[in-house]
Amino acid sequence: MTSQASPVPPVPVRSLAGRTALVTGSTSGIGLGIARALAAAGADIVLNGFGDAAGIERLRAEIATETGGAVGFIAADMRKPEQIAAMIAEVESRIAPVDILVNNAGIQYVSPVESFPLDKWDEIIAINLNAVFHGIRAVLPGMKARRWGRIINTGSAHALVASPFKSAYVSAKHGVMGLTKVVALETAEYGVTCNSICPGYVWTPLVETQIADQCTVHNKSREEVIHDILLAPQPTRRFVTVEEVGAVAVFLASDGARSITGTSISVDGGWIAR
Ligand code: NAD
């Protein structure tokens with residue numbers, strides 16, 4: 001045996017006990033699925049995102065009861081760099097160091113390039129790309145000092161390939177992939193990993209909104225949009241589930257994944273294998 005690393009034990013059920021995870025955009029959809037999965041694996045969780053206060057409090061209490069872990073919520077707006085920095089400072093001063101940062105908040109808008117609204121372009125770049133940078137920038141000093149950290153970005157199949165009418169989204173997600181690689185290189189010797197999970201179509205409110213938009217752009221019915229457009233590139237012909245994405249996040253956060261950094265893991269039903 002020439003390996004210098006100690007053997008990696010099998011992933012125990014509560015493999016993330018003692019870790020604290022901040023998941024942006026976790027009041028809904030994929031972020032909520034990732035937060036639930038990390039909490040089930042033993043991590044304490046800080047939720048973030050929009051929604052009505054009572055609904056968010058119900059979710060927070062539900063996850064805490066289900067898992068027995070601590071679950072908090074901070075309502076930072078991911079369009080605002082100062083709110084992102086303040087959120088991370090608050091978690092680290094009031095709750096615990098951020099061991100796992102999941103940059104997940106994201107929005108979509110579908111339009112041809114020449115009529116793409118300028119405010120939508122700016123908003124998508126701000127939430128889907130800039131916020132990832134601001135979050136990483138704020139957690140890295142602590143992670144490097146503690147010599148342990150996991151940064152998991154929600155990319156997309158659209159971080160790797162393009163589709164028409166999604167210029168801002170595809171640009172932002174490709175940018176996230178570039179940032180993932182740079183951060184991985186800068187942190188490789190500090191016990192910190194940075195990766196992107198790249199889902200295909202997952203049934204969430206974000207996709208529900210897209211269906212309506214795509215009906216207009218393509219002049220197709222809802223069923224035609226789901227079958228002919230959304231699931232056409234996805235060979236499994238079914239939506240990915242948030243639980244499937246959550247399971248990959250738990251793995252990436254585990255010690256078994258410590259040599260995986262600067263890469264993407266596709267959870268896309270075979271989309272980019274074409
Ligand atoms: P969603 O609409 O269900 O959830 C988005 C989350 O982000 C919500 O919690 C929302 O409150 C939050 N959010 C939006 N704007 C915010 C802001 N300014 N500040 C703070 N929080 C904000 O969408 P989803 O489908 O779960 O998408 C989550 C991520 O997954 C996004 O990055 C998206 O690009 C990515 N993704 C989704 C799919 C899919 O098919 N649904 C596929 C690939 C990647």
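Relevant structure appears above.
Residues numbered from 1 in each chain as written. Predicted model: local features only at pLDDT ≥ 70, side-chain atom pairs only at ≥ 80, totals over all residues. Heavy atoms only, no water.

A.B. asks: Even after reading the chapter, I still don't get the packing of aromatic side chains, so can you show me in this structure?
C.D. replies: Aromatic rings considered in pairs are described by the distance between their centres and by the relative angle of their planes. On inspection of all chains with the given rule, the structure shows four aromatic pairs. Judged by centre distance (5.7 Å) and plane angle (80°), the ring pair of Tyr 109 and Phe 116 falls under edge-to-face. Assessed through its relative accessible area of 8%, Phe 116 is described here as buried. A ring pair is formed by Phe 116 and Trp 121, whose centres lie 6.4 Å apart and whose planes are at 85°; its orientation type is edge-to-face. Three or more aromatic residues joined by ring pairs form one cluster here, namely Tyr 109, Phe 116 and Trp 121. (Phe/Tyr/Trp six-rings, centres within 6.5 Å; stacked < 30°, edge-to-face > 60°. Buried < 20%, exposed > 50% of the residue type's maximum accessible area, 1.4 Å probe, protein only.)

A.B. asks: I keep staring at the pairing of strand 2 (residues 44–48) and nothing clicks. Help me out?
C.D. replies: A regular strand places its side chains so that they alternate between the two faces of the sheet. Within strand 2, four of the five residues are buried, which leaves it mostly tucked inside the rest of the structure. Here strand 1 (residues 20–23) pairs with strand 2 via four bridges, running parallel. Counterpart to Leu 22 in the pairing with strand 2 is Val 46. Tracing the backbone out of strand 1, into helix 1 (residues 29–40) and back to the parallel element strand 2 gives a crossover that is right-handed. Strand direction decides the pairing type here: strand 2 and strand 3 (residues 71–74), joined by four bridges, are parallel. Within strand 3, the residue paired with Val 46 across the bridge is Gly 72. Between strand 2 and its parallel partner strand 3, the chain crosses via helix 2 (residues 53–67), and the hand of that crossover is right-handed. (Helix = DSSP H or I, 4+ residues; strand = E, 2+ residues; numbered from the N terminus. Pairing = 2+ DSSP bridges. Right-handed = clockwise from strand over helix to strand, strands pointing away.)

A.B. asks: Help me out: how do you make sense of helix 3 (residues 81–95) in this one?
C.D. replies: Structural remark: α-helix, 3.6 residues per turn; residues separated by three or four positions point the same way. Taking 1.5 Å per residue, 15 residues should reach 21 Å; helix 3 reaches 21 Å between its end C-alpha atoms and fits that length. Buried residues in helix 3 make contact with strand 1, strand 2, strand 3 and helix 4 (118–146). (Expected span 1.5 Å × (residues − 1). Contact = heavy atoms within 4.5 Å.)

A.B. asks: Please explain the sheet that holds strand 5 (residues 149–154) as it appears in this structure.
C.D. replies: Hydrogen bonds between backbone groups are what pair the strands of a sheet, and the pairing can be parallel or antiparallel. The strand order across the open sheet formed by seven strands is 3-2-1-4-5-6-7, and the pairing between neighbours is parallel. Each having just a single partner strand, strand 3 and strand 7 (264–267) make up the two edges of the open sheet. On average, each strand axis in the sheet is inclined to that of its neighbour by 20°, with strand direction left out of account. Sheet contacts for helix 8 (residues 242–253): strand 4 (100–103), strand 5, strand 6 (192–199) and strand 7; angle to strand 6, the most-contacted strand, approximately 165°. (Axes fitted to C-alpha atoms, helices over the stretch in contact; angles between N-to-C directions.)

A.B. asks: Before we go on, may I ask you to explain the pattern of salt bridges in this structure?
C.D. replies: When their charged atoms lie close together, side chains carrying opposite charge are able to pair. Applying the stated criterion across every chain yields a total of 13 salt bridges. For the salt bridge of Arg 238 with Glu 244, the shortest nitrogen-to-oxygen distance reads 3.0 Å. Note on Glu 244: relative accessible area 28%, which makes it partly exposed. Through salt bridges with shared partners, a single ionic network connects Asp 77, Arg 79, Lys 80, Lys 120 and Glu 123. (Salt bridge = Lys/Arg side-chain N within 4 Å of Asp/Glu carboxyl O.)

A.B. asks: Honestly, the site of the ligand in this entry has me stumped. Any pointers?
C.D. replies: In the vicinity of the ligand, 31 residues are found, and the nearest of them are Ser 28, Asn 104, Tyr 169, Val 202 and Thr 204. Asp 77 has a polar side-chain atom sitting 3.0 Å from a nitrogen atom of the ligand. Lys 173 places a side-chain nitrogen or oxygen 2.9 Å from an oxygen atom of the ligand. Relative to its free-state accessible area of 820 Å², the ligand is covered by the protein chains to the extent of 93%. Broken down by secondary-structure element, the contributors of at least two residues to the shell around the ligand are helix 1, helix 5 (167–187) and helix 6 (205–218). Top element by residues in the shell around the ligand is helix 6. It accounts for three residues. Grouping the constituent residues of the shell around the ligand by class yields 14 nonpolar, 14 polar and three charged. (Near = heavy atom within 4 Å. Polar contact = N/O pair within 3.5 Å; in protein donor to acceptor, adjacent residues only side chain to side chain. Areas by Shrake-Rupley, 256 points an atom, 1.4 Å probe, with all protein chains shown as cover. Nonpolar A, V, L, I, M, F, W, Y, C, P; charged D, E, K, R; others polar.)

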